[in-house]
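Chains, contacts and geometry: an overview
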Amino acid sequence: MRFFWTFFWSFLLVHMLTYVTSSMVGSAYDFMTATILSIGAAILINAIAAFIPDEPVSSHH
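Residues numbered from 1 in each chain as written. Predicted model: local features only at pLDDT ≥ 70, side-chain atom pairs only at ≥ 80, totals over all residues. Heavy atoms only, no water.

1. Observations concerning the packing of helix H1 (residues 2-25) against helix H2 (residues 31-51)
Let me state the cut-off plainly: Only the stretch in contact is used when fitting a helix axis, every axis being a line fitted to C-alpha atoms; angles between N-to-C directions are given from 0 to 180 degrees. Counting from the N terminus, the helices are DSSP H or I runs at least four residues long and the strands are E runs at least two residues long. An angle below 35 degrees is treated as roughly parallel, one above 145 as roughly antiparallel, one from 65 to 115 as roughly perpendicular, and anything else as oblique. Take the far helix as your reference; a near helix turned counterclockwise from it by less than a right angle gives a left-handed crossing, and one turned clockwise gives a right-handed crossing. Whether two residues are in contact is decided by their heavy atoms: any pair within 4.5 Å suffices. Basically, the charged four are Asp, Glu, Lys and Arg, the nonpolar ten are Ala, Val, Leu, Ile, Met, Phe, Trp, Tyr, Cys and Pro, and anything else, Gly included, counts as polar.
Where H1 contacts H2, the two axes come as close as 8 Å, and the packing angle between them is 135°. Between H1 and H2, the angle falls in the class oblique. You can see that H1 and H2 cross each other, and the crossing is right-handed. For the pair formed by H1 and H2, the contact residues are Phe3, Thr6, Phe7, Ser10, Phe11, Val14, His15 and Thr18 on the first element and Phe31, Ala34, Thr35, Leu37, Ser38, Ile39, Ala41, Ala42, Ile45 and Asn46 on the second. Split by residue class, the contact of H1 with H2 holds 11 nonpolar, seven polar and no charged.

2. Re the packing of aromatic side chains
We apply this condition: Pairing of aromatic side chains requires ring centres within 6.5 Å, counting the rings of Phe and Tyr and the six-membered ring of Trp. Pairs whose planes differ by under 30 degrees are stacked, by over 60 edge-to-face, and all others tilted. To sort residues, take the accessible area from a 1.4 Å probe on protein chains only and compare it with the maximum for the residue type: under 20% means buried, over 50% means exposed, and anything in between is partly exposed.
A full pass over the atoms with the stated rule returns seven aromatic pairs. Between the aromatic rings of Phe4 and Phe8, the centroid separation amounts to 6.2 Å while the plane-to-plane angle is 20°, which identifies the pairing as stacked. Pair noted here: Phe4 and Phe8 are both in helix H1, with a separation of four residues, about one helical turn. Overall, Phe4 belongs to the partly exposed group, its relative accessible area being 44%.

3. Observations concerning the side chain of Ser22
With respect to the helices and strands, Ser22 occurs in helix H1. Under the relative-accessibility criterion, Ser22 is labelled buried at 7%. For Ser22, the residues in contact, after removing those within four places along its chain, are Ser27, Ala28 and Tyr29.

4. Focus on H2
Quick reminder of the rule: The length a helix should cover is 1.5 Å for every residue beyond the first. Arc definition: it is the arc formed by the directions from the helix axis to the C-beta atoms.
Taking 1.5 Å as the rise per residue, H2 with 21 residues should run 30 Å; its terminal C-alpha atoms sit 31 Å apart, in good agreement. Buried residues of H2: Ala34, Thr35, Ser38, Ala42 and Asn46, and no others. Taken end-on, H2 shows its buried residues confined to a sector of 105°, consistent with a single buried face. Exposed side chains of H2 directed beyond 90 degrees from the buried face belong to Ile36, Ile43, Leu44 and Phe51. In this structure, the buried residues of H2 make contact with H1.

Structure (structure tokens):
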């Protein structure tokens, strides 16, 4: 379920970002480019989350 929500939110946010930036630049909005970027973002987010340790640090000394 975690992967679904990561993909869902990355899909929405990357499409929003692509739409806004393409409007600011004056180019056409491309659905497939935004979808490919959102898949890449979801993979990158899940990869970063897999490398972050989840156990607490015992001591800072």
